[in-house]
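# Breakdown of the fold
Each chain, letter by letter, is given below.
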Amino acid sequence: MSTVPAQSPRTHSSSDRATAVHCRGVTKNYGTGNSTVRALRGIDLDVYEGELLMLVGPSGCGKTTLISVIAGVLDRDEGECSVFGKDFSALSSWERTRFRGETIGFVFQSFNLIPTLTIAENVSVPLLLNGVDRKAALQRAKEMLSVVGLGDRVNDTPNRLSGGQQQRVAISRALVHNPRLVVCDEPTSALDHETGHKVMELLRGVAMSGNRALVVVTHDNRIFDFADRIAHMDDGQVDKIVGSAKELYGPNMSAQQA
Amino acid sequence: MIRYALKMLMGDRARYLGILVGVAFASLLITQQGAVFVGLMERTYSFVSDTPAPDLWVVDPDLEHHADSKPMLKQELYRVRGVEGVAWAVPMFKSFTKLRLPDGRRCGCIVIGVDDETLIGAPASISGGSGADLRLADAVLVDEADVSGKLGLTGNLAAALGGRTRLSVGDVLELNDHRAVVAGTFKIQPSFFWDPVIYTTFTRAVSYSPSERKELSFILVKAAPGTDLGALAERIHAATGLKAYTEQGFKRLTAMYILQKTGILINFGIAVALGFIVGTVVAGQTFYNFTMENLKYFGALKALGTSNRQLVRMVLAQAGVVGVLGYGLGVGAASLFGAVLGGTALAFSLPWQLLGISGGAIIVICLLAAALSMRRVLMLEPGIVFRG
Ligand SMILES: Nc1ncnc2c1ncn2[C@@H]1O[C@H](COP(=O)(O)OP(=O)(O)OP(=O)(O)O)[C@@H](O)[C@H]1O
Ligand SMILES: [Mg+2]
């Protein structure tokens with residue numbers, strides 16, 4: 001199944017949308033001395049509100065490192081990086097944690113749902129962290145799970161669900177507290193093609209209502225059509241930003257090229 | 001989030017039980033060994049507890065414990081009676097004597113002689129016969145616990161008496177070749193010492209023993225109402241050179257002697273330390289494993305905006321729950337042990353102080369166990385959540 005998503009990809013210029021993420025000259029090294037890995041070598045990238053930006057490129061080019069820096073779970077070495085005008089490195093560790101909890105939603109490749117909690121409890125976590133009381137949080141979590149089609153499974157634990165269902169739970173957890181930015185690292189790579197496609201439809205449909213920005217790291221060129229823009233990385237830098245996969249690989253792109 | 005932290009812990013059945021077992025084991029071992037120790041200690045001074053309430057025990061200044069034998073001259077009794085604040089003072093004699101039973105068996109025994117007139121110092125609980133029967137000729141009282149055991153009748157005699165094995169009122173003993181008639185039995189606590197105990201009057205007890213110049217083992221003193229016991233003890237010491245102990249002080253003297261002169265403290269100390277160490281290692285290791293197993297979830301929680309403070313509270317809550325439950329299980333098992341074996345030869349005493357001590361030890365164990373885990377969780381980079 002490879003239907004083109006409801007909203008066709010569009011390109012925006014920096015002038016008609018507010019900036020969600022702003023990166024200039026961001027660098028990040030791992031390790032020191034001879035074993036230093038220069039994972040990011042001067043990243044320039046803007047992500048706008050209301051867009052789904054995909055981050056693609058060969059393995060090891062720094063995609064995960066970049067979204068970790070953007071999401072404030074990893075400190076950059078140099079350059080500027082701000083999310084809705086806030087620079088993580090200017091915040092105290094506590095403020096950073098708070099800002100992350102309010103502003104950013106996370107979707108992971110391996111779901112990272114807590115296996116001993118019900119899916120409703122898992123989804124309620126960001127609300128609890130934002131001070132919502134338990135009852136209300138569970139109620140909202142259940143509503144969110146209904147939106148992603150899991151309204152009848154709210155009291156199940158994650159391991160009773162399929163991979164696609166678990167990722168839908170993870171998406172609910174990423175969105176339940178209405179964060180303005182959602183970052184996803186390979187959200188479909190643990191899923192088969194059809195399930196991955198459905199998850200992307202959901203992400204695009206549910207997450208893009210409202211004026212959110214989404215950054216999705218992926219290897220999976222079959223979901224490229226869901227992107228508004230695609231940023232291609234190589235060797236720690238963004239070397240191309242395009243409006244569609246065709247611009248990146250030409251009309252006859254193959255699965256290997258991503 | 002605390003509730004979810006507990007669900008995380010209890011959802012991991014195997015590790016949860018592992019940690020509980022570690023804590024419960026430590027709690028059981030510390031409490032049970034402690035209780036046996038306290039029980040044994042209480043038995044070392046049971047003679048003092050069993051002697052009905054004099055205010056002071058006056059003894060030779062070099063006496064090291066109550067079972068020590070350093071008799072005083074009879075005149076000391078009159079000197080003590082003369083000290084200001086002494087309402088009355090009575091003599092007590094205690095010695096080790098040869099005993100011949102009706103069936104011909106022989107053994108050693110402890111003979112305690114109490115004041116002929118007042119019988120003060122005789123056990124409070126007298127069952128067969130009465131304390132006053134001590135005034136009958138050659139009368140002695142024997143320990144209820146010994147009449148069918150150490151002092152029981154055996155062999156031909158028992159057969160001739162139609163199978164009676166209990167030593168009874170009217171039976172005749174020989175104490176150091178002197179005739180002694182059983183006039184009754186008394187109940188005292190089980191003692192640390194093993195020789196049968198026999199009570200009689202002071203005069204008779206002295207006559208059962210080889211003659212000695214000094215025949216006063218203890219002087220039991222009652223203070224005049226409103227007298228400060230500490231001050232009275234000092235006055236007695238100043239006037240006579242003898243040492244006066246309160247009941248507590250005399251017990252402590254004996255217990256400290258046993259602690260210093262035997263390996264009993266070290267042995268129990270080792271058992272308790274072992275419980276503590278094994279409990280800490282088992283609980284700490286399992287708790288650490290649990291945390292490591294859940295590290296990626298802690299990482300995810302951190303990325304989602306859980307502060308270090310909240311994480312610390314979550315880990316402490318987890319440790320607290322296993323601490324409380326493990327402590328309860330351990331103390332419960334120890335009490336059960338005490339209840340089941342209560343009234344047997346096994347010493348067991350569980351005062352609240354001991355519960356406090358084992359509770360404190362469990363708190364330390366849980367904090368140690370949680371500390372390692374907490375460190376891991378606090379050092380955790382939330383960035384790991386994106387790593388496979
Ligand atoms: N914690 C780390 N310590 C040392 N080197 C690291 C660490 N994390 C990543 N790297 C290195 O940094 C570079 C970029 O890694 P990163 O994970 O960002 O790449 P990626 O584009 O996400 O790759 P993939 O597509 O395989 O997930 C790689 O060379 C990687 O080996
Ligand atoms: Mg990656």
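Residues numbered from 1 in each chain as written. Chains lettered and ligands numbered in written order. Predicted model: local features only at pLDDT ≥ 70, side-chain atom pairs only at ≥ 80, totals over all residues. Heavy atoms only, no water.

## Notes on the overall build of chain B
We apply this condition: Numbered from the N terminus, helices here are DSSP runs of H or I no shorter than four residues, and strands are runs of E no shorter than two. Radius of gyration: over C-alpha atoms. The globule rule applied is 2.2 Å multiplied by the number of residues raised to the 0.38 power. Type-normalised accessible area, obtained with a 1.4 Å probe on protein chains alone, sets the label of each residue: buried when under 20%, exposed when over 50%, and partly exposed for intermediate values. In what follows, a contact means two residues having at least one pair of non-hydrogen atoms within 4.5 Å. All accessible-area figures derive from a Shrake-Rupley calculation using a 1.4 Å probe, and residue coverage is judged against the displayed protein chains alone. For this count, His and the chain ends are skipped, Lys and Arg are scored as positive, and Asp and Glu as negative. Here the site of a charge means NZ on Lys, CZ on Arg, CG on Asp, or CD on Glu.
When you go through chain B residue by residue, the secondary structure sums to 12 helices and nine strands. Taking 2.2 N^0.38 as the reference for a compact globule, 388 residues should give roughly 21 Å; the C-alpha atoms of chain B span a radius of gyration of 30 Å, well beyond that estimate. Taken along its principal axes, the extent of the C-alpha atoms in chain B is 95 × 60 × 30 Å. The buried share of chain B, taken over its 388 residues, is 49%. In chain B, the proportion of contacts linking residues at least 24 apart, taken out of those at least 6 apart, comes to 79%. With an accessible surface of roughly 17,500 Å², chain B has 60% of that area assigned to carbon and sulfur atoms. Of the side chains in chain B, 36 bear a positive and 30 a negative charge, and the two mean positions are spaced by 14 Å.

## A look at the pattern of salt bridges
Residue and element names in this part refer to chain B. The cut-off we apply is this: Any Lys or Arg side-chain nitrogen found within 4 Å of a carboxyl oxygen on Asp or Glu counts as a salt bridge.
Enumeration according to the criterion identifies 25 salt bridges over all chains in this entry. A salt bridge links Glu 293 to Arg 15; the nearest nitrogen and oxygen atoms lie 3.7 Å apart. Within this pair, whereas Glu 293 is found in helix α9 (residues 264-293), its partner Arg 15 is found in helix α2 (residues 13-44), the two being separated by 278 residues in sequence. For Arg 15, a relative accessible area of 23% corresponds to the partly exposed category.

## A closer look at the site of ligand 1
Selection rule: Definition of nearness: a residue and a molecule or strand are near each other if at least one heavy atom of the residue lies within 4 Å of the molecule or strand. Identification of polar contacts relies on pairs of N or O atoms within 3.5 Å, with a donor-acceptor requirement for protein atoms, meaning one able to donate a hydrogen and the other able to accept it, and with residues adjacent in sequence counted only if both atoms are side-chain atoms.
As a structural note, the neighbourhood of ligand 1 is formed by 13 residues, with Ser59(A), Gly60(A), Lys63(A), Thr64(A) and Thr65(A) the closest of them. In this structure, ligand 1 sits where chains A and B come together, each supplying nearby residues. In the model, an oxygen atom of ligand 1 is placed 3.0 Å from a nitrogen or oxygen of the Gly62(A) main chain. At 2.7 Å, a side-chain N or O of Lys63(A) approaches an oxygen atom of ligand 1. Isolated, ligand 1 exposes 630 Å² of accessible area, and the fraction of that covered by the protein chains is 65%. Those elements that provide at least two residues to the shell around ligand 1 are β2 (37-48) and α1 (63-70) of chain A. Considering every element that reaches the shell around ligand 1, the biggest residue donor is α1(A), with three residues.

## Observations concerning the confidence of the model for chain B
All names here are of chain B. The criterion, for reference: Confidence scores here are pLDDT values: one per residue, from the predictor, ranging 0 to 100.
Mean pLDDT over chain B works out to 87, with 98% of the residues at or above the 70 mark. When the elements of chain B are averaged for pLDDT, helix α5 (residues 155-160) gives the smallest value, 80, and helix α1 (residues 2-11) the largest, 93. For this predicted complex, the interface confidence reaches an ipTM of 0.87, while the overall pTM sits at 0.78.

## Comments concerning the sheet that holds strand β1 (residues 19-30) of chain A
Residues and elements named next belong to chain A. Condition: Pairing between two strands requires that DSSP report at least two bridges joining them. Lines fitted to C-alpha atoms define the axes here, with helix axes fitted over just the stretch in contact, and angles between the N-to-C directions of these axes take values from 0 to 180 degrees.
Ordered in space as β2-β1-β4, the three strands form an open sheet in which the pairing is antiparallel. In this open sheet, the two strands that pair with only one neighbour each are β2 and β4 (78-83). Each strand axis lies, on average, 20 degrees off the axis of its neighbour in the sheet, ignoring direction. Sheet strands in contact with α1 are β1, β2 and β4, and its direction is about 60 degrees off that of β2.

## Remarks on the domain arrangement of chain B
When the parts of a complex come together, some accessible area is lost, and that lost area is often taken as the interface size. All names here are of chain B. The condition is simple: An automatic or database domain assignment supplies the start and end points of every domain. Accessible area that two parts lose when put together, evaluated with a 1.4 Å probe and summed over both, is termed the buried area.
Domain parsing of chain B yields domain 1 (2-44 + 263-387) and domain 2 (88-217). Between the C-alpha centres of domain 1 and domain 2 there is a distance of 51 Å. In this assembly, four residues from domain 1 lie in contact with four residues from domain 2. Both sides of the domain 1 and domain 2 interface together cover about 400 Å² of buried area, and 66% of this is carbon and sulfur. At the surface where domain 1 touches domain 2, the tally comes to zero salt bridges. Between domain 1 and domain 2 we count zero residue pairs in polar contact (both at pLDDT 80 or more) in total.

## Topic: unusual backbone geometry
Even without being a glycine, Glu186(A) presents a positive backbone phi close to 50 degrees. Along the chain, the position of Glu186(A) falls in the loop between β6 (181-185) and α6 (193-207). Of note, the phi angle at Asn176(B) is positive, near 50 degrees, even though the residue is not glycine. Looking at the secondary structure, you find Asn176(B) in the loop between β5 (172-175) and β6 (178-186).

## Some remarks on the sheet that holds strand β9 (residues 237-242) of chain A
Residues and elements named next belong to chain A. Spatially, six strands are ordered β5-β6-β7-β3-β8-β9 in an open sheet, and the strand pairing comes out mixed. Of all strands in the sheet, those with a lone pairing partner are β5 (104-107) and β9, marking the two edges. Taken pair by pair, the neighbouring strands of this sheet meet at an average axis angle of 20 degrees, ignoring direction. Pairing analysis gives five bridges linking strand β8 (residues 229-234) to β9, with the strands arranged antiparallel.

## So, empty space enclosed by the protein
Residues and elements named next belong to chain B. Put simply, the rule is: Buried and open spaces are told apart on a 1 Å grid over the protein atoms alone, a cavity being a set of points where a 1.4 Å probe fits but cannot get out and a pocket being an open set with protein on both sides within 12 Å along at least five of seven lines. Residues with an atom within 4 Å of a point are the lining residues. Grid points are joined across faces, edges and corners, and a volume is the space filled by probe spheres set on the points.
Considering all chains together, one arrives at one cavity of 30 Å³ or more under this definition. There is about 30 Å³ of room inside the largest cavity. As for the largest cavity, its lining consists of Ile 19, Val 23, Ala 283, Phe 287, Ala 319, Val 322, Cys 366 and Ala 369.

## Notes on helix α4 (residues 134-147) of chain A
Here is the rule: An expected span of 1.5 Å times one less than the residue number is assigned to each helix.
For α4(A), spanning 14 residues, the distance from its first C-alpha to its last is 20 Å, which sits close to the expected 20 Å at 1.5 Å a residue. Check the buried side of α4(A) and you find it contacts α3 (119-129), α5 (163-175) and α6 of chain A together with α1 of chain B. The N-cap of α4(A), judged by a side-chain oxygen 3.2 Å from the amide nitrogen of Lys135(A) a few residues on, is Asp133(A). Once α4(A) ends, the next one or two residues include Gly149(A), with phi positive near 85 degrees.

## Brief notes about the packing of α1(B) against helix α11 (residues 308-341) of chain B
Residues and elements named next belong to chain B. We apply this condition: Convention used here: angles under 35 degrees read as roughly parallel, angles over 145 as roughly antiparallel, angles from 65 to 115 as roughly perpendicular, and any remaining angle as oblique. For any pair of crossing helices, the crossing counts as left-handed if the nearer helix is rotated counterclockwise from the farther one by less than a right angle, and right-handed if it is rotated clockwise. Throughout this entry, Asp, Glu, Lys and Arg are counted as charged residues, while Ala, Val, Leu, Ile, Met, Phe, Trp, Tyr, Cys and Pro are counted as nonpolar. The remaining residues, Gly among them, count as polar.
Following both chains from N to C, one finds α1 and α11 inclined at 55 degrees, their axes separated by 9 Å at the closest point. Classified by the angle their axes make, α1 and α11 are oblique. α1 and α11 meet at a crossing whose hand is right-handed. Judged by residue contacts, Ile 2, Ala 5, Leu 6, Met 8, Leu 9 and Met 10 of α1 engage Arg 313, Met 314, Ala 317, Gln 318, Val 321 and Val 322 from α11. The residue inventory of the contact of α1 with α11, partitioned by class, reads 10 nonpolar, one polar and one charged.

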